[in-house]
Structures are given as structure tokens and as C-alpha cells.
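Structural overview for review
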Amino acid sequence: MMGFLWDSLTLGRIDRLYDQVILCTYLISLTLCLYLFNLSGDDKWKGTFFGKYEEYLPLAIQFFLGGLSSAYVIYFSRSVSFSKTISFFIILLVLLFANELLKKRISNKYLQFGAYFFVNFTFFTFFVPMIVNSMNTFLFMLSGTISLGITLALIIFIYNASPSTRKEISLGKMLSLILGIYFLINAFYFFNLIPPVPLAMESGLVAHNVERNIETDEYYVTYEQNPWYKMWRDNRHEFSYEPGSDVYVFTSIFAPSKLSESILHRWKWFSPHTNQWEVIDEIGFEITGGREGGFRGYTVKNKMMEGEWKVDVITNDGLVLGIINFEIDSISKAEPKRLETRVFK
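Residues numbered from 1 in each chain as written. Predicted model: local features only at pLDDT ≥ 70, side-chain atom pairs only at ≥ 80, totals over all residues. Heavy atoms only, no water.

Overview of helix H6 (residues 137–161)
To be explicit about the condition: A helix here means a DSSP run of H or I that spans at least four residues, while a strand means a run of E at least two residues long, and both kinds are numbered starting from the N terminus. By this rule the span expected of a helix is its residue count minus one, scaled by 1.5 Å. Each residue's exposure class comes from its accessible area (1.4 Å probe, protein chains only) as a fraction of the maximum for that residue type: buried when under 20%, exposed when over 50%, partly exposed otherwise. Two residues form a contact once any of their heavy atoms are found within 4.5 Å. Nitrogen and oxygen atoms within 3.5 Å of one another constitute a polar contact, given that in protein one can donate a hydrogen and the other can accept it, and given that sequence-neighbouring residues count only through two side-chain atoms.
Given a rise of 1.5 Å per residue, 25 residues ought to cover 36 Å, and the 36 Å separating the end C-alpha atoms of H6 matches this to within 8%. If you check which residues of H6 are buried, you get Leu139, Phe140, Ser143, Gly144, Ser147, Leu148, Thr151, Leu154, Ile155, Ile158 and Tyr159. In this structure, the buried residues of H6 make contact with helix H2 (17–40), helix H5 (109–132), helix H7 (163–168) and helix H8 (171–190). Near the N-terminus of H6, the side chain that reaches the backbone nitrogen of phenylalanine 138, with its oxygen 3.2 Å away, is that of asparagine 136.

Below, the structure is given as C-alpha cells:
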């Protein structure tokens, strides 16, 4: 776990050159180690430079696999919301801890290539959008195709070059495993279960007022504080609402430099008549990446009905960045409690 602690201290912005070099180095090194290890059983490296270090190849595979897994946990933790997307984040956590616990199983070739394809696919899902400065379904499919092609080419090349590998695995079973993971990740995407890395919602608040100072480009957000013991959210869940007044939802969204994306605030109200969430309004705006504190924006509504509300913060393709939920107080003249004005620079 020391590697995870190191990555958490050194990896910060997914669009930073240092981070990209580290991730590319990990993935290339993992690919090379898989090739060297799977041909070592045929005495391919006997008497060569690599032959001196054959016994360390499983540890190297585990190191680079763990490095990629820990980096993904760090990046995806910024984007995951306590909604459907947390399921994919849990898979990353399981992969991270499994890599630490299954040291003796890392020589299993099905486990090796299955884990390799997963981290490979995950890498390209955010690396390709950063290269072209855009996010959409086509680019996700392109990322999957690239990673699938690289993985299958590596497996087939090793299978043809290594008699010992041909004895250990069934090529049909291996390809079925890889294709199964491919379709699983695609299913996660189309059911909006994958956090939208490289985008991340830094802040999300339901507020009584939002003002922008054009001269300083600062946003002043006035909201009701939560009690100190509710540390998992900033604003109070019960919103003190006076009929006819405005309700603001403010968000700050991190995006890599030069990446442009359409963001929607989808306002929903839970109807006591149908016992379902009803979409009341969708308000969109464009964001451009590059700001350290994220792209700031807000939407506003009035004539609010009392009851449970939530605002889904989503991309134009429906990927969920976060969910802001609150309840309109049923008291018609409820006084706001513990008001605070926070400055977003």
C-alpha cells in the first residue's frame, strides 16, 4: 500500500504532463513485463540480460498493475458520486486490494491478461478524450477498440511465440474472457455506471443566492451550513424556502485544459402522487477546462414545490458527475439557518 500512498501524494491533475508520463510508463512497462514473463518459461532469456531478472518479473507485473490501479482510484475518487457510478469505483478498489493480496496468483495467465485489459481499457477511456479535447460516446467506443486491439495482439503474439503458454491456456477461453470484460465495461458505460473521468465535480451546493463579481471573477455563494457532525456534505439538506424566492444550484467542475463539454443541471422533484422522480427542468451550459479550481456555473429556479428535490449534474451524453439533493421546507416562512457566504475564486 506504500505505492498507493506515494501516488496519492505525487499524482494530482490527470491532464498534467507528469501524471501522463507516469501512467504511460506504467502501462508500457506492464506490457513489456507480461511479454518477458510469458516467454521466460521457454528459456527464451537464458544467458541474456533479462535472464538474470526472470524471478522478479511477477513482482514487476504486480508493481505496475498496482500502480495503475492506485492511480485510477485516485482520479476516479474525484469523479465518483454516491449514486450508480460508485459501483465501478468499487471494482477499482477491489482490483487494487486484490493485487496486493494475490501475490501467488499473479502468475495465472487468465488473471494477468484479464487485469491487464481492464487497466488498459480504463487508461484509454480518459487518455483519448484528453488528446482530442472532447468527450462523447464515439470516443469511448474508439478507446475500447484501441485497448481491445492492443490486448488481443499481445495475447496472440505471446501464444504463437511461446509453447509453454499454449500448454497453460486455451486461446478460445482467453479471448472469451477478454471479450466478456470488454462487453461488461461497455454495459457499465451505457447504463451510466462509469464516473466521467477526466471530468470531476469539485463542489456542488444548493444556495439562497449566487453573485458574480465581474471585476475579480469571483463567485459569492450563500447557503445554509450543515451541522459540524455531518461532514459528508456542505449544505443543509432541509432548504428553508420562502414561496416565490429563488433556489440556486452552484457547481464547480474540473476539466482538463482545452477540453470543452456541455453540462446539464437536471432538476427533479419526487412526486407523492406517482411515487417517482419527475424531471421539472433541464438547464445547460458550456464549460472549458484548465482552471485549477474548476469551471464555475449555476442554475436558478423559483416557484418550487415542497418535498424532495435533486439536481443531477450530467454531461451531454448523460454521464453523471454528481447529484445534489435537498428538501424544500414545508413551513411557508421558514427562516434560513446558519447562513454562510463562500467565495469561489
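Regarding the pairing of strand E6 (residues 260–271)
Test applied: Strand pairing follows a simple DSSP-based rule, namely that at least 2 bridges must link the two strands.
Bridging between E6 and strand E7 (residues 276–288) involves twelve bridges; their strand directions are antiparallel. Paired with tryptophan 267 across the two strands is aspartate 281, which belongs to E7. Linking E6 back to E7 in an antiparallel pair, the connection comprises four residues, with asparagine 275 at a positive phi of about 55°. Of the strand pairs in this sheet, E6 and strand E9 (residues 307–315) are connected by seven bridges, and their pairing is antiparallel. Its bridge partner being in E9, histidine 265 is matched across the sheet by valine 313.

Quick look at a nonpolar patch on the surface
We count it as follows: By definition, no residue in a patch forms a salt bridge, and every one has over 30% relative accessible area; like charges are joined within 9 Å, nonpolar side chains (Val, Leu, Ile, Met, Phe, Trp, Tyr) within 5 Å. Each accessible area is a Shrake-Rupley estimate made with a 1.4 Å probe; only the visible protein chains count as cover when residues are assessed. Each salt bridge in this description consists of a side-chain nitrogen of Lys or Arg and a carboxyl oxygen of Asp or Glu lying within 4 Å of one another.
A cluster of nonpolar side chains, contributed by Phe49, Phe50, Tyr53, Tyr56 and Leu59, occupies part of the molecular surface with about 550 Å² of accessible area. Looking at where tyrosine 53 falls in the secondary structure, it is placed in the loop between H2 and helix H3 (57–79). Since its relative accessible area comes to 42%, tyrosine 53 is described here as partly exposed.

Details of the pattern of salt bridges
Applying the stated criterion across every chain, the model contains eight salt bridges. We note a salt bridge from glutamate 282 to arginine 266, for which the minimum N-O separation is 2.5 Å. Of the two residues, glutamate 282 is situated in strand E7 and arginine 266 in strand E6; the sequence distance between them amounts to 16 residues. Its salt-bridge partner being aspartate 281, residue lysine 301 comes within 3.3 Å of it at the nearest N-O pair. Taken as a pair, lysine 301 in strand E8 (residues 295–301) and aspartate 281 in strand E7 lie far apart in primary sequence, 20 residues in all. By relative accessible area, which is 16% here, lysine 301 ends up buried. Each of Arg212, Asp217 and Arg296 takes part in salt bridges that share partners, so that together they form one network.

Considerations on the sheet that holds strand E11 (residues 339–344)
Our working rule: Comment: axis = line fitted to C-alpha atoms, over the contacting stretch for helices; angle = value between 0 and 180 degrees taken between N-to-C directions.
Spatially, the three strands line up as an open sheet ordered E2-E3-E11, and their pairing is antiparallel. Two strands in the sheet have a free side with no partner beyond their single neighbour: strand E2 (209–213) and E11. Each adjacent strand pair in this sheet contributes to an overall mean axis angle of 20°, direction not counted. Here five bridges tie E2 to strand E3 (residues 218–224), and the two strands are oriented antiparallel to one another. Across the sheet, asparagine 209 pairs through a bridge with threonine 222, a residue of E3.

By themselves, these observations are geometric and do not establish any function.
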